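Fold and geometry: a report
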Amino acid sequence: MGLRSHHLSLGLLLLFLLPSECLGAEGRLALKLFRDLFTNYTSALRPVADTDQTLNVTLEVTLSQIIDMDERNQVLTLYLWIRQEWTDAYLRWDPNAYGGLDAIRIPSSLVWRPDIVLYNKADAQPPGSASTNVVLRHDGAVRWDAPAITRSSCRVDVAAFPFDAQRCGLTFGSWTHGGHQLDVRPRGAAASLADFVENVEWRVLGMPARRRVLTYGCCSEPYPDVTFTLLLRRRAAAYVCNLLLPCVLISLLAPLAFHLPADSGEKVSLGVTVLLALTVFQLLLAESMPPAESVPLIGKYYMATMTMVTFSTALTILIMNLHYCGPSAHPVPAWARALLLGHLARGLCVRERGEPCGQSRPHESSLSLEPPEGGAGHPEGPCHEPRCLCRQEALLRHVATIANTFHSHRAAQRCHEDWKRLARVMDRFFLGIFFSMALVMSLLVLVQAL
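Residues numbered from 1 in each chain as written. Predicted model: local features only at pLDDT ≥ 70, side-chain atom pairs only at ≥ 80, totals over all residues. Heavy atoms only, no water.

**Thoughts on the environment of valine 272**
With respect to the helices and strands, valine 272 occurs in helix α4 (residues 267-288). With relative accessibility at 41%, the residue valine 272 sits in the partly exposed group. As for valine 272 and alanine 254, which are separated by 18 residues in sequence, their C-alpha atoms are 9.4 Å apart. (Helix = DSSP H or I, 4+ residues; strand = E, 2+ residues; numbered from the N terminus. Buried < 20%, exposed > 50% of the residue type's maximum accessible area, 1.4 Å probe, protein only.)

Encoded structure:
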């Protein structure tokens, strides 16, 4: 900065010492005007004729590019074009006296400049002014256009991530002059977006301007400032394709574990695999999201899906136990037989092979054969032959025992089949419940993207 000032001072000295014969007519007029204006001019004092007069500064901002939005550190980096306009009471001339010359362009360091800075800047570098020229008109109007790369603090709210919208304010004001000495006002109701370069992640909705007059604790006089609020909305297409859509598909796949046959041995494995896949996507999501007090929307969806998959896996284990109840298990309770194997089975259309839908299988009563009663003598009957088969009581008792054993085995098998059928009913019931839950949760999240 010192080297630049030294070169600038040397250039001005050469300009003053340069002979007028070396310049053209217009150049001689510009040189004469420059010498007349800056002979007794100082840029250290506020350029007003009366010290009690307020100097009005008009501020105009043009947004050129969003360089970066650091959500983790809550810092917004922008490339802006800043235009400031004010009136210098000591830099006026009559254009007729200088051959109709009504405007000149000179280095901005030669004139007084307002000390307008960005209040909420987020970098450690001291505020500096760009070394660009100012346009000076004959009526004292000064226009200073300067590019600037600003780093401002912005409170990022990721509660609706990745469908969130952010509001980032940039507050400009004088650092040392109060409202009675310098008044800053915006030009227009919003910043200009005519030369904005579209950002791949954020869509700009607008940048309205608002003027405020505040009184701080350090000083009694008011301090006006201008706040440009940048309205942003995140482009969620990449997050939907990479993070949300895989989770939706996995969550819709998880309830299909209830549709797998129990004898396949893969019901529990499917639930555990889905849970591990969701855990991997949760880790990827945690890396891409900034830390925040509130849980983002997609984070809530992941947690709800993982909870649903955990409960479905636990219920699958319970249903597997019902399916593999052995012949020694107790019979299905009467209430479960009437409610689950009766009404619910008909409603869910769970039937045996060959059984029409909507009809439940009638319960078979167990039959028992009793051996024929009789004493040691021959029973009364039409047959009086001593070697007749009907008189062989021992043989009839053995036949009755075999028949009773067969019916007991059939009853145990029927009990086992009832438990297996009950497991199928529960599978069909929870398949509908969990699939509906997964579909509703997925639709609620995807609706936010529309």
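Now that the structure is up, let's keep going.
**Things to note about the sheet that holds strand β1 (residues 55-70)**
Spatially, the six strands line up as an open sheet ordered β3-β5-β6-β2-β1-β8, and their pairing is mixed. For this open sheet the edge positions go to β3 (103-107) and β8 (182-186), each flanked by a neighbour on one side alone. With direction set aside, neighbouring strand axes in the sheet form an average angle of 30°. Direction of pairing for strand β2 (residues 75-87) relative to strand β6 (residues 141-153): antiparallel, over a ladder of 13 bridges. Residue pairing for β6: valine 75 is matched across the bridge by serine 153. (Pairing = 2+ DSSP bridges. Axes fitted to C-alpha atoms, helices over the stretch in contact; angles between N-to-C directions.)

**Describing the pairing of β2**
Along a regular strand, successive side chains alternate from one face of the sheet to the other. Judged from the 11 bridges that link them, β1 and β2 form a sheet pairing that is antiparallel. Directly across from glutamine 65, in β2, lies its bridge partner tyrosine 79. Where β1 folds back on β2, the antiparallel hairpin that results is connected by four residues, among which glutamine 74 adopts a positive phi of roughly 55°.

**Some words on the state of the cysteines**
Think of a disulfide as a covalent bridge from one cysteine sulfur atom to another cysteine sulfur atom. As enumerated under the stated definition, the model contains one disulfide in all. Each sulfur of the disulfide joining cysteine 154 and cysteine 168 lies 1.9 Å from the other. The sign of the -65° torsion about the S-S bond sets the cysteine 154-cysteine 168 disulfide as left-handed. Highlighted residues: cysteine 154 in the loop between β6 and β7 (165-174) and cysteine 168 in strand β7, separated in sequence by 14 residues. The pair cysteine 154 / cysteine 168 is uniform in exposure class, with both members buried. (Disulfide = S-S within 2.5 Å.)

**Comments concerning the pairing of β7**
Counting buried positions over the 10 residues of β7 gives seven, a clear majority of the element. Bridge analysis of β7 against strand β11 (residues 223-234) gives nine bridges, and the strand direction is antiparallel. By the bridge assignment, arginine 167 is partnered in β11 with leucine 231.

**Examining the packing of α4 against helix α5 (residues 297-323)**
Axis separation between α4 and α5 bottoms out at 9 Å; the angle between their running directions is 165°. By the angle between their directions, the pair α4 and α5 is classed as roughly antiparallel. Remark: the crossing between α4 and α5 carries left-handed chirality. Residues Lys267, Val268, Gly271, Val272, Val274, Leu275, Leu278, Thr279, Phe281, Gln282 and Leu285 of α4 lie in contact with α5, whose contacting residues are Ile298, Gly299, Tyr302, Thr305, Met306, Val309, Thr310, Thr313, Thr316, Ile317 and Met320. (Parallel < 35°, antiparallel > 145°, perpendicular 65-115°, else oblique. Left-handed = near helix turned anticlockwise from the far one by under 90°. Contact = heavy atoms within 4.5 Å.)

**Structural notes on the layout of surface pockets**
Taken as a whole, the second largest pocket holds about 360 Å³ of empty space. As for the second largest pocket, its lining consists of 18 residues, of which His259, Pro261, Arg424, Asp427 and Arg428 are closest to the centre. Contributions of two or more residues to the lining of the second largest pocket are made by α5 and α7 (393-447). With six residues, the single largest contributor to the lining of the second largest pocket is α7. (1 Å grid on protein atoms, 1.4 Å probe; cavity = no way out; pocket = protein on both sides within 12 Å on 5 of 7 lines; lining within 4 Å. Points joined across faces, edges and corners; volume = space filled by probe spheres on them.)

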